[in-house]
Each structure stands twice: as C-alpha cells, then as structure tokens.
Amino acid sequence: MWPEPIEETLLQRYGFPEAGTETRCYTNHALSYDQAKRVPRWVIEHLSKQKMLGDADRRHCKFRPDPNIPLMFSAVNEDYLGSGWSRGHMAPAGDNKFSTVGLLSPVSLICVYQLERVKRPLEVMCNVPFAVCFEVEQDVIIEAQSSIWSYKRAMAETFYLSNIVPQNYENNAGFWNRMEMYCRELTERFEDVWVVSGPLTLPQTNGDGKKSVTYQVIGKDDVAVPSHLYKVILARRSRTSPEPLVLGAFVVPNDPIGFSHQLTDFQVSIEDLEKMSGLVFFPQVDKTKDVKNICEVDTCKLMGFKEFTLYITARKVRSARTLRRLHKAMAELQEAGLEPDEYLLKLYKSKEEELLQEEPVAAREGRAG
C-alpha cells in the first residue's frame, strides 16, 4: 500500500525554497536572476527607433549592485576588478538613450507572458510601485502614476550587476558589440524588436570522450564565467503589417571573435537553444508557423572592420576630455591603417577647438586653487 500523500498545506507550512528566479521588470528591460551564479539567466528588452534617440550618456552611469537583489546573492564590482574579465551588458546601455516627459513608451511585450490575459498590478510582479501593467490584445499598456520620468533611468538600470556577466573583453568590445549594433540597426526596418540575451555554461568533451560542465568563478562572491553567450531576436515589421514575425537565435563563445566571422556562423535553431538553456523563448509565438528566419528576411550582416573602427574612433573623439586622449584616439586609427573620413575629421576639429578653449580655463582654475 502506498502511503497517503502529505497534505499540501502541511508541506508548505513553513514555505517552499525560493530560488529568486521570478521576473524582475525595469524601465525598458526585464530579467530572471540566477542567485547561485550571480548572473542573469535571461534578460529581455524592447527596441524601437524612438528609444535610440535622446541624450542619455553612459559616462554618467556607474556599475553597481541591483538594489532589488539580496546582497548575499549579488555580485559586486570588486568581484570583477583584476579578474581578467569585463562587465558585459546583456541589455546594452546604448539601447536606452531615449528621454521622455510624461508617459514613457510602453515596455511592450516584456511582461506579456506573465500577465496571461489577466489584469494584475505590475508592482506585484515587477517591484515597480509607480506603474500598473495590463494586457489588451497582446499589447502592454502602462498607466503611470508619475507624470515625469527621468531619461537617465532606463540607461542607469542597465548598469545594475543583475544585467551583467563576466565577458571576454575583446568579445564584449568587438563581436558582441557589433551584434548589439545590428539589433539597433533593425529598428530602421522593423517597428518593434525584442531581444533576449544571457549566459550559457555548455558541456565540453574531455580527452576520454566524456562530457562535463566546468566554469571559472571570480571574486569573493564566486561569480560564474559563462562559456558562451546567447541572443534571440524577434522583430515585427509593424503592428498592422501582414508579414510574419522574424526570429533568429545565436550562440557565441565567450572568447575573442575576429572580423572574418559573420553572424550566421553562430546561428542555431531556436529548439536547440531552448534545449541548451532550459528556457522557452517567446512562448506566446507559434514558432512552427508564425515566424520566418531573420537571416533569410534581413541581412544578418555585421559592421565590417573599417566601418566599425571609424565608429569606435568617433565615439572616443566625442568622449575625449583632454587633448591627449583626443590625439591618442586618432593615433590609434592610423596604427590600424585607416584614414579618417570626412565626418570624423569634422568631429575631430570641432572637439579639438572645444578642448583648446577649455584648457586655459582649467589652467587658470588650477592656479587659483
């Protein structure tokens, strides 16, 4: 005879274990956090042309622990310092430059698969006390109780360490950066773009043919270093377009990746990625018939060496605070064997004039001090 099942109320009398994996929503991204590894399991964001506009500046943002994550489960900046790994954004700061007065644009479908067509307060699920979120015909509407939103909020929240993983520096600044730029470029052709990014620790085959999963940890908090990173892109031409959604899944090693590789080299089927990650992506989409391969509909072409290097140099020129840094940026361009284009030359001359004017003022203030 089997014993009688224990009453559910008795099992949960003192509570079930909590993993802290519930969805946490922010201004323009949401995530599920892995408390054991001190990194996100997944991060979802919504991109649009409007959100690429604005003057939010990452120079005013600082990496810091997420106040919503218990400190005992959080990474801290000291874990990364001297580790040899960079702090890699899953939801990039560059996707959140928008400024807004009044009601913020909807976070769109970030919370859809939590709401399940039932009207619920957003603060219950997402710890956002200033908004109420509910679904109407697959669109999320946010009714803000506050009438003015800070343009810095969306970008600043991407610097929470809950959105960060230990990432190879060259990968972070290079191939992964170019992937992020491609996602932003998609907003020129698609009205809405959703991106899910996260870390993976995949099994490796040992010399004896057996597979095992091992990964490095860094810092006193043992932050897990992923072997790979993934990105899933879903895009909609427009709300009224009869075209099907486009979808693409990509897995890249957490290693340097040169310009000889294209994005398609790392494309995998969505089913394979779901098996690797244990996650079901965009569960409200029938991925067997309602979507097309993004790389067949769009280019999936990343920025090449010359274009990318000019872009990075322009960014360095704009952010230079001293003449030394300004000249260094242009010297590095020459070392790469490239000449500045017309736009970069104008930007350089303008910045040089600006810094030359500031230099005497700074010198006078230094003497006065």
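For the structure given in this document, a descriptive report is provided here.

Rules used in this analysis
Each chain has its residues counted from 1, following the order in which its sequence is written. In keeping with the predicted nature of the model, local features appear solely for residues at pLDDT of at least 70, side-chain atom pairs appear and are counted solely at 80 or more, and the whole-chain, interface and lining totals rest on all residues. Hydrogens and waters are ignored; side-chain quantities use all the structure's heavy atoms. Exposure above 30% relative accessible area and the absence of a salt bridge qualify a residue for a patch, where like charges join within 9 Å and nonpolar side chains (Val, Leu, Ile, Met, Phe, Trp, Tyr) within 5 Å. Areas reported as accessible are Shrake-Rupley estimates using a 1.4 Å probe. Residue values count occlusion only from the protein chains shown. What makes a salt bridge here is a side-chain nitrogen of Lys or Arg within 4 Å of a carboxyl oxygen of Asp or Glu, nothing more. Going along the chain from the N terminus, every DSSP run of H or I of four or more residues is numbered as a helix, and every run of E of two or more is numbered as a strand. To sort residues, take the accessible area from a 1.4 Å probe on protein chains only and compare it with the maximum for the residue type: under 20% means buried, over 50% means exposed, and anything in between is partly exposed. Throughout this description, a polar contact denotes any pair of N or O atoms lying within 3.5 Å of each other; where both atoms belong to protein, one of them has to be capable of donating a hydrogen while the other can accept it, and for residues adjacent in sequence the pair is counted only when both atoms sit in side chains. By definition, disulfides here are pairs of cysteine sulfur atoms that lie within 2.5 Å. Charged-residue counts in this description rest on Lys and Arg as positive and Asp and Glu as negative, His and the chain ends being excluded. For this purpose, a charge sits on NZ of Lys, CZ of Arg, CG of Asp or CD of Glu.

What follows deals with a nonpolar patch on the surface. There is a patch of nonpolar side chains on the surface, built from V213, Y215 and V217 and spanning about 240 Å² of accessible area. When you line up the elements, V217 lands in strand β11 (residues 217–218).

With respect to the secondary-structure elements, N163 resides in the loop between α5 (152–157) and β7 (164–167). Accessibility expressed as a relative area gives 0% for N163, which makes it buried. In terms of polar contacts, N163 uses its side chain to reach the backbone carbonyl oxygen of T158, at 2.8 Å.

With that settled, consider the state of the cysteines. For the structure shown, the criterion picks out one disulfide. Residue C295 pairs covalently with C300 via a disulfide, S to S 2.1 Å. Note on the C295 and C300 pair: the S-S dihedral is about -80°, so by sign convention the disulfide is left-handed. According to the relative accessible area criterion, C295 is buried, its value standing at 17%.

What follows deals with a positive patch on the surface. On the surface, a cluster of positive charge is made up of R58, K97, R315 and R318. A residue is classified by how much of its surface remains accessible, and R315, at 37% relative accessible area, is partly exposed.

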